[in-house]
Amino acid sequence: MTRQYLHAEYRRPQDAIAAIEALTEAGFPKSALELYSRRPVETDPPVLPRRSRMSLVAVLGAITAGSVSTALVFWAQLDYPLVTGGMPITSGWATGVVTFEATMAGAVLGILFMLIWEAGLVGSPSGAPVPDLPEEGVVLQVKCEGDSAALQRPLSDTGASRIEAVKASGRPGTS
Amino acid sequence: MAPSGEPTELSASSISDDILSRMPRASGRYMAAIGFFGAVVAWALFAWGYQIQNGFGNTGLRRPVYWGFYIVNFVFWIGISHAGTLISAILRLTGAGWRKPVTRAAEAITVFCLMIGGLFPLIHIGRVWYFYWMIPYPNERLLWPNFRSPLFWDLTAILTYLTGSLIYLYLPLIPDLAEIAGRSSGKKQRIYRALSLGWTGSDRQWQALERAMKLMAMAILAIAVSVHSVVAYDFSMSIAPTWHSTIFAPYFVVGAIFSGIAALVLVMAALRKLMGLEEYLREEHFVNLGKLLMLMSLLWLYFTFSEHLTTWYGNLPYEMQVFNLREQGFFGIVFWTMVACNFAIPFVLLGVSRLRSIATISISGATVLIGMWLERFLIVVPTLSRPALPAAWGNYAPSWIELSITAGTFAAMALLYLLFVKAFPIIAIWEYDETIPAR
Amino acid sequence: MAEGKRNPEEDGSEHVPQWAMAIDLDRCTGCEACVVACSAENNVPTAGQEQAAMGRAKHWIRIDRYYEGEFPNIKVKYRPVLCQHCDNAPCEPVCPVYATYQNAEGLNVQIYNRCIGTRYCANNCPYTVRFFDWFAPEWDGPLDLQLNPDVSIRPAGVVEKCTFCAHRIKRAKLDADAEDRDLADGDVQPACVQSCPAEAMVFGDMSDSHSKVSKKIESGRSEQLLSELGTKPRVYYLRKAD
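Remember, predicted model here, so these are calculated numbers, not experimental data. (Residues numbered from 1 in each chain as written. Chains lettered and ligands numbered in written order. Predicted model: local features only at pLDDT ≥ 70, side-chain atom pairs only at ≥ 80, totals over all residues. Heavy atoms only, no water.)

Undergrad: Is there a simple way to explain the overall build of chain A in this structure?
TA: Counting its secondary structure elements, chain A contains four helices and four strands. Ordered by position from N to C terminus, the α and β elements of chain A give β-α-β-α-α-β-α-β. In chain A, which comprises 175 residues, the proportion classed as buried is 44%. Across chain A, every contact between residues at least 6 apart in sequence was considered, and the portion connecting residues at least 24 apart equals 78%. In the form shown here, chain A has an accessible surface area of approximately 8900 Å², with 60% of it arising from carbon and sulfur atoms. (Helix = DSSP H or I, 4+ residues; strand = E, 2+ residues; numbered from the N terminus. Buried < 20%, exposed > 50% of the residue type's maximum accessible area, 1.4 Å probe, protein only. Contact = heavy atoms within 4.5 Å. Areas by Shrake-Rupley, 256 points an atom, 1.4 Å probe, with all protein chains shown as cover.)

Undergrad: I'm lost on the overall build of chain C in this one. Help?
TA: Tallying secondary structure elements over chain C gives six helices and ten strands in all. Taken over the C-alpha atoms alone, chain C extends approximately 55 × 45 × 35 Å along its principal axes. Taking all 242 residues of chain C together, 52% fall into the buried category. For chain C, the proportion of contacts with a sequence separation of at least 24, taken over those separated by at least 6, is 64%. Split by element, the accessible area of chain C, about 11100 Å² in all, is 50% carbon and sulfur. Averaged over its 28 positive side-chain charges, chain C has a centre that lies 4 Å from the centre of its 36 negative ones. (Lys, Arg positive; Asp, Glu negative; His and termini not counted. Charge placed at Lys NZ, Arg CZ, Asp CG, Glu CD.)

Undergrad: Would you take a moment to explain the pairing of strand 1 (residues 19-24) of chain C for this structure?
TA: For a regular strand, side chains alternate in direction, first toward one face of the sheet and then toward the other. Residue and element names in this part refer to chain C. In terms of burial, strand 1 is a largely internal element, six of the six residues being buried. Alternating residues of strand 1 divide into W19, M21 and I23 and A20, A22 and D24, and every residue in both groups is buried. When strand 1 meets strand 8 (residues 201-205), the two strands line up antiparallel, connected through five bridges. For A20, the partnering residue across the bridge sits in strand 8 and is G204. In terms of strand pairing, strand 1 meets strand 10 (residues 235-238) through four bridges, oriented parallel. Considered in strand 10, the bridge of I23 is made with Y237. (Pairing = 2+ DSSP bridges.)

Undergrad: Can you walk me through the packing of aromatic side chains in this structure?
TA: The geometry of an aromatic ring pair is captured by the separation of the ring centres together with the interplanar angle, meaning the angle of the planes. This model, assessed by the stated rule, comprises 51 aromatic pairs over all chains. With 6.0 Å between their ring centres and 15° between their planes, B:Y251 and B:F303 make a pair best called stacked. In this pair, B:Y251 is assigned in helix 10 (residues 248-275) and B:F303 in helix 11 (residues 283-314), connecting sequence segments 52 residues apart. One exposure class covers both B:Y251 and B:F303, and it is buried. Taken together, the aromatic side chains of B:W67, B:F235, B:W243, B:F248, B:Y251, B:F252, B:Y302, B:F303 and C:Y120 make up a single cluster linked through ring pairs. Here the guanidinium or amino end of B:K422 rests over the ring plane of B:Y30, the centre of that ring lying 5.9 Å away. (Phe/Tyr/Trp six-rings, centres within 6.5 Å; stacked < 30°, edge-to-face > 60°. Lys NZ or Arg CZ within 6 Å of the ring centre and 35° of its normal.)

Undergrad: How should I be thinking about the packing of helix 7 (residues 173-182) of chain B against helix 8 (residues 186-195) of chain B in this particular structure?
TA: For any two helices packed against each other, one specifies the inter-axial angle together with the distance between the axes. Residues and elements named next belong to chain B. Remark: helix 7 packs on helix 8, axes separated minimally by 8 Å, with the N-to-C direction vectors making an angle of 160°. Taken together, the axis directions place helix 7 and helix 8 in an arrangement best described as roughly antiparallel. Crossing angle aside, the handedness with which helix 7 passes helix 8 is left-handed. For the pair formed by helix 7 and helix 8, the contact residues are L177, A178, I180, A181 and G182 on the first element and K188, Q189, Y192, R193 and L195 on the second. Along the lines of polarity and charge, the residues of the contact of helix 7 with helix 8 split into six nonpolar, two polar and two charged. (Axes fitted to C-alpha atoms, helices over the stretch in contact; angles between N-to-C directions. Parallel < 35°, antiparallel > 145°, perpendicular 65-115°, else oblique. Left-handed = near helix turned anticlockwise from the far one by under 90°. Nonpolar A, V, L, I, M, F, W, Y, C, P; charged D, E, K, R; others polar.)

Undergrad: What am I meant to see in the sheet that holds strand 9 (residues 222-223) of chain C here?
TA: Strand pairing in a sheet takes place through backbone hydrogen bonds and is either antiparallel or parallel in direction. All names here are of chain C. Spatial ordering of the open sheet is given by 8-1-10-9, a layout of four strands whose pairing is mixed. At either end of the open sheet lies a strand with only one pairing partner, and these are strand 8 and strand 9. Note that strand 9 and strand 10 share two bridges and pair antiparallel. Residue S222 lies in a different strand from strand 10, and its bridge partner there is L238.

Undergrad: Where do I start with the interface of chain B and chain A in this structure?
TA: Where the parts come together, the accessible area they lose is often given as the size of the interface. Facing the 56 residues of chain B at the interface are 57 residues of chain A. Summing both sides of the interface, chain B and chain A together bury roughly 4900 Å²; the carbon and sulfur share of this comes to 64%. In this assembly, chain B and chain A are joined by three salt bridges. The tally of links from chain B across to chain A stands at 15 residue pairs in polar contact (both at pLDDT 80 or more). Residue assignment for the side of chain B that touches chain A shows that the elements contributing at least two residues are helix 1 (12-21), helix 6 (150-170), helix 7, helix 9 (203-236) and helix 16 (429-432) of chain B. Ranked by residue count, the leading element in the side of chain B that touches chain A is helix 9 of chain B, at 19 residues. Considered class by class, the residues forming the side of chain B that touches chain A number 30 nonpolar, 16 polar and ten charged. (Buried area = accessible area lost by both parts, 1.4 Å probe. Salt bridge = Lys/Arg side-chain N within 4 Å of Asp/Glu carboxyl O. Polar contact = N/O pair within 3.5 Å; in protein donor to acceptor, adjacent residues only side chain to side chain.)

Undergrad: Help me out: how do you make sense of the sheet that holds strand 2 (residues 33-37) of chain A in this one?
TA: Residue and element names in this part refer to chain A. Pairing is antiparallel across the open sheet formed by four strands, whose spatial order is 2-3-1-4. Across the chains shown, the open sheet's two edge strands, defined by having one partner strand only, are strand 2 and strand 4 (162-167). Adjacent strand axes in the sheet meet at a mean angle of 25°, parallel and antiparallel pairs treated alike. When strand 1 (residues 3-10) meets strand 4, the two strands line up antiparallel, connected through six bridges. Directly across from E9, in strand 4, lies its bridge partner R162. Helix-sheet contacts for helix 1 (residues 13-25) involve strand 1, strand 2 and strand 3 (138-145), and the interaxial angle to strand 3 is about 20°.

Undergrad: Hey, could you run me through helix 1 (residues 33-41) of chain C in this one?
TA: Each full turn of the α-helix corresponds to 3.6 residues, which orients residues three or four apart in the same direction. Residues and elements named next belong to chain C. Three or more residues of helix 1 are buried, namely C34, V35, A37, C38, S39 and E41. Lining the buried residues of helix 1 we find strand 2 (62-68), helix 4 (166-178), helix 5 (191-195) and strand 8. Once helix 1 finishes, N43 follows within two positions and takes phi at roughly 55°, a positive value.

Undergrad: I tried to follow the domain arrangement of chain A on my own but got confused; where do I start?
TA: Each assigned domain of chain A is listed here: domain 1 (3-38 + 133-167) and domain 2 (54-118). Centre-to-centre separation of domain 1 of chain A and domain 2 of chain A, based on C-alpha positions: 47 Å. (Domains from an automatic or database assignment.)

Undergrad: Would you take a moment to explain the nonpolar core for this structure?
TA: Proteins that are soluble and globular tend to have nonpolar side chains buried together. Core analysis: the largest hydrophobic core is formed by 219 residues, its most contacted members being B:L264, B:L271, B:Y417, B:I426 and C:M21. Beyond its immediate chain neighbours, meaning those up to four positions away, C:M21 contacts C:L82, C:F164, C:P190, C:C192, C:V193, C:M201, C:V202, C:F203, C:V213, C:R234, C:V235 and C:Y236. Membership of the second largest hydrophobic core comes to 22 residues, among which are A:I17, A:L33, A:L35 and A:A160. (Core = buried A, V, L, I, M, F, W, Y, C linked by side-chain atoms within 4.5 Å.)

Undergrad: Is there a simple way to think about the environment of A:M104 in this case?
TA: Here A:M104 lies in helix 3 (residues 92-118). Placed 39 residues apart in sequence, A:M104 and A:A65 show a C-alpha to C-alpha distance of 8.2 Å.

Undergrad: How do you make sense of a nonpolar patch on the surface when you look at a structure like this?
TA: On the surface, a cluster of nonpolar side chains totalling about 380 Å² of accessible area is made up of B:L298, B:F347, B:V348, B:V352 and B:L355. Looking at where B:L298 falls in the secondary structure, it is placed in helix 11. (Patch = residues over 30% accessible without salt bridge, like charges linked within 9 Å, V, L, I, M, F, W, Y side chains within 5 Å.)

Structure follows, in structure tokens:
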């Protein structure tokens, strides 16, 4: 069975959205669909919903960095117990700023990591071919196994200006 | 020029073409500007080297004024860096559409000001070659830094803010970098392709980017508020008269946002004129920023009044020594100049609607920058000139070294900005021209 | 008290002296002998006329002069001001690199090698007794020939201040150890105390209630400088109640 991708070009994003709805109603999984555009296609809710763990990882990063830095501060102060200026050896008030900044740094790095991960940037290619982006409009990419003839109709009915079948790049280990 | 609505009916590609075509070429005028600002920066670096080589005594610092222009500049530049945060993060979170042509200019200010401001603690310390002793890492000295010191907090706050704001500047730049790569060839294409980190424009990437920007905006807001609070803590943690004040942190944050907006207005006015961005940076943007500037001016006045009223009414002898110095003689002139620059002039120029124009809003921005610099000067120097024991009183005047380095930082700002607008589109192309389908 | 061969800081049972100073203002004549002795003892560099006029002169101990009344009925009061070795020192918590801290004997210690010169401590000292080294140290001849080998020379870019003559404390302890005895009251004399012709200054262990300094502190005439700031200085000033 050969895997191939159909690239359907639409002048207007609304048409691509209509095509996605048509395909979904015909029982086509949304996970096999992808939109490519020079500008974001913003709908509320997103037309191709995806689960994101970005907020969760941001919070986890914040908690990790915050607690590690606080632990380091307390350990360092106990390991070298200099009492300065009548202050106690360890003090939550005096180290609160360090905790806060490390917490936020952890959140920021968590967000950056998850963006790279979820957007498939550096070093995580999805294996799908990248269509040439038209100056105007969007490209709807449909992943299909075997015969793609059945897909042509819903795509052209919704106003695709050009439909093109592309063989998968066939890189091993990508699916 | 209509105050609302899109100014042109350009298509997506022509908007890209148009914005990219306004990026400066390496013309004679451009190179002359680079050369001029580069020379000033080089002179400032020479002054710094002279100070390191021949001793700190070549500055005008002396006992008891151990902190002078360097700390004033430090607070000033870190303050301006709040421009990017406020405009970009608050407006992004509240979904204010008019922010779009303004955000990148603001975010770039943040990064450059932090780079410049972050240098001042290094310029300021007596043995800069040991600055890394402030960084916590296991070392042969068997000693950790003092986590209780506000200066250590500064280090953590500034590093966090610099990291955060670099990411915050870079993320929305990625689609634009891919766009430039798609429109160029050869080495230039390879560089921009690499910088765009493999951006393909898929919906998956757009969604991740939008989500990341929203989260980053929240994080960077909290960081920005904390950064200038920590800068204020440098003063308010001490027991020097008039520094030990509980409202210093919010006072500094308000002043920082105030001067940040002023700097943004000035930068925008310069970009508009020099790069011909009249169609993008329109009067409505200046008017909106002018209103924000007015609001911050009134907030600043409120904080300044509260701070001075409580000092005066409390009438504590050590505080009144500083208070009286600040209100009379030379510092008195500086004080009233500050009030004029930060309140009186902007209040008239921004408050009277007939006077409100791009030119007057820019003038207000300039006076506010001057006023806020003077405010920091009035916080740092008079307090140190009047320690509790009168026998230790003293004065301060900067030497050529501090003046050169101060001038150098302004030149460095201009230089960094010139290089930035040459390499990257100063208007966020994709944000400016978002496709919003009817649904 | 056991034999003096052990390091008191390593052994909790050992008596740890708590150094303090009492300065009798009614005896002080403002002669500045202490200032000269201190500079000579502690290798305090000379600044030169021009730099001194700018405010770069270093005096670990200085005589503050206060004038009372109107001319010609003027009364001059002198107050020697040195590092107060506060128990609750404002200079200590603000240093990012722990260059200054409180040691077990109550000395406010400045570690020159560790200092990176942020000068935050100097700003936060309400007594303004901390000095920054603007230049590498220099002495007008022939002062450069009489440097004290017991005291380190401070490089440019660090903060320095009165140590209560920590090297003399160490020397006195070594001498006592060599003679296998405890430190006696009066064994330690900082240069300023030793040189005071009016015997206005007394130095000693304030935790020993029989020491001279304890008696001075408890004489009812003692006060601390800027005590309202809560810094708990180890220097007590004695004067007749007005």
